[in-house]
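In case you want the letters, here they are:
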Amino acid sequence: MNDVVVVGAGPVGLLLAAELRLVGVDVTVIECAAARSPHSKALTLHPRSLEVLAMRGLAGPFVREGVPVPTGHYGGLPVRLDFSVLDTRFPYTLVLPQLRTEQLLEERLRKLGGEIRWEHRALEVRQDADGAEVDVAGPDGTYTLRTAWVVGCDGAGSTVRGSAGIDFPGTSATTTGFLGDVVLDAPPSVPSVDNEHGGFLVVPLADGHHRIAGTTGESLAIAADQPLTFDELRRYVRQVAGTDFGMRAPRWLSRFGNASRQAARYRDGRVLLAGDAAHMHMPMGGQGLNVGLQDAFNLGWKLAAVCQGRAPGGLLDTYHAERHPVGAALLENTRAQTVLGAAHTADVQALRSVFGRLLAAHPAVNRQFAGEVSALDVAYGPAVGESGEAETGEPGGAGEQAGAAEQGEAGGGRSLAGTRAPDLGLAGAPEPSLYPLLADGRFVLLHLDPGGDAGRGTPDDPGAADARAAAEAIAGSPDRIRAVTARPTTAHDGWAGRSTVLVRPDGHVAWDGALSNR
């Protein structure tokens, strides 16, 4: 019997499968397509996704091949979100076509011993108390896979979600946009153009093409399943800009809609959902692929722990508790961006002007939206209580998404539990910073010694044993913890004076001890 069947070999399914293989979980990936699409729906990786990749030592090829842009957009407003001020080693949007992202993730999976069954379509999923069955149609006929767990990473029309009877409530499409990958002989000098006739974004691609995506009054009412012609694309761009910028050589033309839906639950017994199978929305801000990758990163270590008997099955309920609020926030902000970016009445133009002035005049407002779109501000509810057990009753779990953690016990500070751990610089550690320490997918127990004796292998203060015991209770096994004593060399909000911090495999804080009195 398989440990896990992942349905869908897009970026979300690939990252999840790689996370499972990293710790030796048996996983089968099935994909209905015969091969990868040459057309990339998504083009960007945001700062948090790059941090996710960095935690497994994977960011290098992505960064080398992509094009960094120090801003993001909100509703296509001409005033951009400033990513350069964000507290991360990746303060930018990385422009990299989804096709290349998938290829790099597939390379990772194959190096870990995973494989993909191309042209194998999931027909139906059934489950019982002990596992699940997936009926599959492949090139040589139909067969059934018996597995402990099934994860649907199979997109908005998810067969897995439908078979499990998981509701997908939300709203149907009322607005349609257009996109085209073309050559522009005279591209515009600004990344977006908008007026009362419509608006569009222009993204330069590394191969000399440009992605144009937007809406006009004419395009809004055309159904998303209607083919887009090159003449239409040129007409829409001319309606807004008065020129087509020397547009030629179309490589891909498509439409997209603003249907917004979210799965009522991300777990149903032996079935879990991630990525577009769990949430769909208007592609505003380039967030869909990124949130999906972060779903997979949250789920991967938890599912592995359950498969290997290091944690009870209830740990998987914390996946829904943590990621469902993130998906709800995603739908909220993309709906808001759709109002700003896909309607072109005089009222909306006034709203865009007001909102643009707010972003330009108030750095704190700009920073708030940048943190939201980049996903760097995602924080979960407090992960552990005094005993080291999760407040949900499961190791390393958390509750609802929270903007700040609960009050800490000592020093008058706030607990870091549930918050994102930055790539803290470290002196005296085996690696120069925190993220490389997470490369093997274990928890990292940091003993931070601001006083400078960072070379010690194990701290000898009386609280060290208690910290280790609490960490083991959360991690589920002593060998799933990497203990490191080091001196912090970089400053980050909320981290000053911290003495002991347990970081989960996904880079969120599971537990932190008292503030240092040294």
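Parameters at a glance
- Residues numbered from 1 in each chain as written.
- Predicted model: local features only at pLDDT ≥ 70, side-chain atom pairs only at ≥ 80, totals over all residues.
- Heavy atoms only, no water.
- Helix = DSSP H or I, 4+ residues; strand = E, 2+ residues; numbered from the N terminus.
- Rg over C-alpha atoms; globule rule 2.2 N^0.38 Å.
- Buried < 20%, exposed > 50% of the residue type's maximum accessible area, 1.4 Å probe, protein only.
- Contact = heavy atoms within 4.5 Å.
- Pairing = 2+ DSSP bridges.
- Axes fitted to C-alpha atoms, helices over the stretch in contact; angles between N-to-C directions.
- Left-handed = near helix turned anticlockwise from the far one by under 90°.
- Nonpolar A, V, L, I, M, F, W, Y, C, P; charged D, E, K, R; others polar.
- Salt bridge = Lys/Arg side-chain N within 4 Å of Asp/Glu carboxyl O.
- Disulfide = S-S within 2.5 Å.
- Phe/Tyr/Trp six-rings, centres within 6.5 Å; stacked < 30°, edge-to-face > 60°.
- Lys NZ or Arg CZ within 6 Å of the ring centre and 35° of its normal.
- Core = buried A, V, L, I, M, F, W, Y, C linked by side-chain atoms within 4.5 Å.

**Q** What exactly am I supposed to notice about the overall build of the protein chain here?
**A** When you go through the protein chain residue by residue, the secondary structure sums to twelve helices and 26 strands. Computed over its C-alpha atoms, the radius of gyration of the protein chain comes to 23 Å, within 12% of the 24 Å expected for a compact globule of 518 residues. The C-alpha extent of the protein chain, read off along each of the three principal axes, is 75 × 60 × 35 Å. Counting across all 518 residues of the protein chain, residues that qualify as buried make up 57%. By sequence separation, contacts in the protein chain at least 24 residues apart represent 71% of the contacts at least 6 residues apart.

**Q** How should the sheet that holds strand β21 (residues 279–280) be read in this particular structure?
**A** Read across the open sheet, the three strands follow the order β12-β18-β21; overall the sheet is antiparallel. The two strands at the open ends of the sheet, each matched to only one other strand, are β12 (170–171) and β21. Pairing analysis gives two bridges linking strand β18 (residues 260–262) to β21, with the strands arranged antiparallel. Across the sheet, the residue bridging to Q262 is H279, located in β21. Those strands touched by helix α8 (residues 317–341) are β12, β18 and β21, and its axis lies near 175 degrees from that of β18.

**Q** Explain the environment of R482 here, please?
**A** Secondary-structure assignment places R482 in strand β24 (residues 481–488). Owing to a relative accessible area of 21%, R482 belongs among the partly exposed residues under this scheme. Residues in contact with R482, not counting those within four places in the same chain, are P430, P436, L437, R442, F443, V444 and L445.

**Q** In this structure, what is going on with the packing of helix α2 (residues 47–54) against helix α7 (residues 288–307)? I would like to understand it.
**A** When two helices pack together, you describe them by how their axes are tilted relative to each other and by the distance separating the axes. Here α2 crosses α7 at 35 degrees, and the two axes come no closer than 9 Å. Crossing hand, α2 versus α7: left-handed. Seen from α2, the contacting residues are R48, S49 and V52; seen from α7, they are N290, L293, Q294 and F297. Residues belonging to the contact of α2 with α7 are distributed by class as follows: three nonpolar, three polar and one charged.

**Q** How should the sheet that holds strand β7 (residues 93–95) be read in this particular structure?
**A** Where strands meet in a sheet, backbone hydrogen bonds hold them as pairs that are either parallel or antiparallel. Spatially, the three strands line up as an open sheet ordered β3-β7-β4, and their pairing is antiparallel. Only two strands of the sheet have a single partner each, and these edge strands are β3 (44–45) and β4 (67–69). In the sheet, β3 pairs with β7 via two bridges, with the strands oriented antiparallel. Residue pairing for β7: T44 is matched across the bridge by V95.

**Q** Any chance you could explain the pattern of salt bridges here in plain terms?
**A** When the charged atoms of two side chains lie near each other, side chains of opposite charge can form a pair. Counting across every chain of the model gives 31 salt bridges. We note a salt bridge from R211 to D181, for which the minimum N-O separation is 2.4 Å. Of the two residues, R211 is situated in strand β16 (residues 210–216) and D181 in strand β13 (residues 176–184); the sequence distance between them amounts to 30 residues. Taken individually, R211 and D181 each receive the classification buried, so the pair is uniform in this respect. A salt bridge links D377 to R367; its shortest N-O distance comes to 3.0 Å. Here D377, found in the loop between α10 (363–374) and β22 (426–427), pairs with R367, found in helix α10; they are ten residues apart in sequence, far enough to count as distant. Given a relative accessible area of 29%, R367 falls into the partly exposed group. Linked by salt bridges that have partners in common, R36, E102, E106 and R110 make up one network.

**Q** Got a minute to help me understand the environment of A429 in this structure?
**A** By the secondary structure assignment, A429 is in the loop between β22 and α11 (434–437). It is 9.9 Å that separates the C-alpha atoms of A429 and A483, two residues lying 54 residues apart in sequence.

**Q** Got a minute to help me understand the side chain of H281 in this structure?
**A** Secondary-structure assignment places H281 in the loop between β21 and α7. Setting aside its immediate chain neighbours within four residues, H281 contacts G257, A259, S260, G288, L330, L331 and T334.

**Q** I would appreciate a short explanation of the state of the cysteines in the present structure.
**A** Defined simply, a disulfide is a covalent bond joining two cysteines at their sulfur atoms. Inspection of the entire model under this criterion finds zero disulfides. In this structure C153 is a free cysteine whose sulfur lies 13 Å from that of C32, the closest cysteine sulfur available.

**Q** How should I be thinking about the packing of aromatic side chains in this particular structure?
**A** In this description, an aromatic ring pair is defined by two values, namely the gap between the centres and the angle between the planes. Taken as a whole and assessed by the stated rule, the structure comprises eight aromatic pairs. For the pair Y74 and F355, a centre-to-centre distance of 5.7 Å together with 10 degrees between the ring planes defines the contact as stacked. A residue pair is termed long-range when its members are at least 10 positions apart, and Y74 in the loop between β5 (71–72) and β6 (81–82) and F355 in helix α9 (residues 346–361) qualify at 281 residues. Comparing Y74 with F355 shows no difference in burial state: the two are buried. When the ring of F200 is compared with that of F245, the centres are 6.3 Å apart and the planes differ by 75 degrees; the resulting orientation is edge-to-face. Of the two residues, F200 is situated in strand β15 (residues 198–204) and F245 in the loop between α6 (230–241) and β17 (247–257); the sequence distance between them amounts to 45 residues. Summarising the burial analysis for this pair, F200 and F245 share the class buried. By way of ring pairs, the aromatic residues Y74, F355 and F369 are connected into one cluster. A cation over an aromatic ring shows up here: R270 above the ring of W149, its NZ or CZ 4.5 Å from the ring centre.

**Q** Just checking my understanding: could you explain the nonpolar core for this structure?
**A** With 100 residues, the main nonpolar core has V4, L45, V134, L303, L434, L446 and W495 as its most contacted residues. A total of ten residues in this core trace back to one element, the largest contributor, which is α7.

**Q** What should I look at first to understand the pairing of strand β14 (residues 192–195) in this one?
**A** Each regular strand carries side chains that alternate between the two faces of the sheet. Across four bridges, β14 lies against β15 in antiparallel orientation. The partner of N195 across the bridge, within β15, is G198. Taken together, β14 and the strand that follows it, β15, pair antiparallel across an intervening segment of two residues.

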